[in-house]
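Chain residues, written in single-letter form:
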Amino acid sequence: MSTAPLQPLAAFDIGPDGTTSPVADPWPDAAPGPGAAWRWLHFSLTDPALVDWTEAHLPVVAAAAIVQTETRPRCTSLEGGLVVNMRGVNLNPGAEPEDMVSLRLWVGPGLVVSVRRSKVFALDDLRRAAESGTAPASPGAFLAEIAEGLTDRLEAVSVELEDQTDALEEAILEREEDDAADGLASLRRKAIRLRRHAGPQREALVRLSEGSSGPGLIDAEARILLGESANRAARTVEELDAVTARLVALHDHLEGQRGTAMARNGYVLSVVAAIFLPLGFLTGLFGVNVAGMPGTASPWAFALLSAANVALALGLLALFRLLRWL
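Residues numbered from 1 in each chain as written. Predicted model: local features only at pLDDT ≥ 70, side-chain atom pairs only at ≥ 80, totals over all residues. Heavy atoms only, no water.

What follows is about the overall build of the chain. Counting its secondary structure elements, the chain contains seven helices and seven strands. Listing each helix as α and each strand as β along the chain from the N terminus yields β-β-β-α-α-β-β-β-β-α-α-α-α-α. Relative to the compact-globule value of 20 Å for 326 residues, the chain shows a C-alpha radius of gyration of 35 Å, a clear excess of over 25%. Across its three principal directions, the C-alpha atoms of the chain cover 125 × 40 × 35 Å. Here the chain holds 326 residues, and the buried ones make up 42% of them. (Helix = DSSP H or I, 4+ residues; strand = E, 2+ residues; numbered from the N terminus. Rg over C-alpha atoms; globule rule 2.2 N^0.38 Å. Buried < 20%, exposed > 50% of the residue type's maximum accessible area, 1.4 Å probe, protein only.)

Listed below in structure tokens is the structure:
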């Protein structure tokens, strides 16, 4: 046993009716106390004694999986229990919601062990409820409430992202391209990062709801609730996919507008250059300082040359319009 002090963020025994009692043992056992239906132990990943405790009380594979530094959402059945990883939007101060926080869970007979690095608000709600004396009556119901809380917050962020996309689309239609372009890349990045974890989380919730957890760990009612969370997660993934597609279309639209504007401007410059090319030739020709240049003795020579240039320019302009080049 480790000599380092273990500091659980929450440790409760939960009775069959959902009543809670704190676990005062400084090195809590994995088995629930007398009269309790199950035990919930919640740890921080930075706890120095966590690795020793998991190696002493959990199956080998589960002990390694629950303390991994990097995780992705999953639901894996092994050694009589479940390893469940979930992700929640990051609502911690100073963080971006799309920097999703990881929640690691081991669900065994009569035991739920949860581990997180940053605060997961959905789980923190359950901790406060347990401190007030109530908690889900079974590990399955506990998982269902976590899934519901995580999905609620993910849906809220997805809806906000969709509203921002609507506003961006309206700005582009109103030709406020400069402001719109600034926000386009940011929204695309948020949508992609949310979608990266929302998709695997949907699959993990589907596995939980469809009985991939083995007999006895999750009851039928909890499976129904998990199925509802899986359905909402699937809808959120579809919304994120739609937002991403809309943002790609808006980017293409902006690039098309800019390409069209550049082509139009280049065409106008080409026509202007075509008009002034013969004018430049004439002025260059009459500007040479050699003997024999006509009109050097006439006071009207410059006026006539200027009038000829104007007439030539107007004639070229009329020709280009007749040819529909302008």
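Quick look at the side chain of Asp-124 now. Examined against the element boundaries, Asp-124 turns out to sit in helix 3 (residues 121-131). Reaching out from Asp-124, the side chain makes a polar contact with the side chain of Arg-127 at a distance of 2.8 Å. (Polar contact = N/O pair within 3.5 Å; in protein donor to acceptor, adjacent residues only side chain to side chain.)

What follows covers the pattern of salt bridges. Counting across every chain of the model gives 14 salt bridges. Here the residues in one salt-bridge network are Lys-119, Asp-124, Asp-125, Arg-127, Arg-128, Glu-131 and Arg-153, joined through shared partners. (Salt bridge = Lys/Arg side-chain N within 4 Å of Asp/Glu carboxyl O.)

With that settled, the discussion passes to the sheet that holds strand 4 (residues 74-78). Strand order across the open sheet formed by seven strands is 2-1-3-7-6-5-4, with mixed pairing between neighbours. Each end of this open sheet is capped by a strand with a single partner; those strands are strand 2 (20-22) and strand 4. The average undirected angle you get between the axes of adjacent strands in this sheet is 20 degrees. Judged from the six bridges that link them, strand 3 (residues 38-44) and strand 7 (residues 111-116) form a sheet pairing that is parallel. Bridge pairing links His-42 to Ser-114 in strand 7. The sheet strands contacting helix 1 (residues 50-57) are strand 3 and strand 7, and the helix crosses strand 3 at an angle near 150 degrees. (Pairing = 2+ DSSP bridges. Axes fitted to C-alpha atoms, helices over the stretch in contact; angles between N-to-C directions. Contact = heavy atoms within 4.5 Å.)

As a further point, take the pairing of strand 5 (residues 81-88). Two faces make up the sheet, and in a regular strand the side chains alternate between them. Judged by how many residues are buried, strand 5 sits mostly within the fold: eight of eight residues are covered. Across five bridges, strand 4 lies against strand 5 in antiparallel orientation. Within strand 5, the position partnered with Cys-75 by the bridge is Val-84. Turn length for the strand 4-strand 5 hairpin, with the two strands adjacent in sequence and antiparallel, is two residues, and the turn residue Glu-79 shows positive phi of about 50 degrees. Pairing of strand 5 with strand 6 (residues 101-108), which is carried by seven bridges, proceeds in the antiparallel orientation. Its bridge partner being in strand 6, Asn-85 is matched across the sheet by Arg-104.

Inspection of the secondary structure assignment puts Thr-151 in helix 4 (residues 139-173). Ignoring sequence-local partners within four residues, the contact set of Thr-151 consists of Leu-205, Ser-229, Arg-232 and Ala-233.

This part takes up the packing of aromatic side chains. The geometry of an aromatic ring pair is captured by two quantities: the separation of the ring centres and the angle between the planes. Per the stated rule, a full pass over the model turns up four aromatic pairs. Aromatic side chains Phe-43 and Trp-53 sit 5.2 Å apart centroid to centroid with 45 degrees between the ring planes, which places their arrangement in the tilted category. Of the two residues, Phe-43 is situated in strand 3 and Trp-53 in helix 1; the sequence distance between them amounts to 10 residues. Both residues of the pair, Phe-43 and Trp-53, count as buried. Through successive ring pairs, a cluster of aromatic residues spans Phe-12, Trp-38, Trp-40 and Phe-142. (Phe/Tyr/Trp six-rings, centres within 6.5 Å; stacked < 30°, edge-to-face > 60°.)

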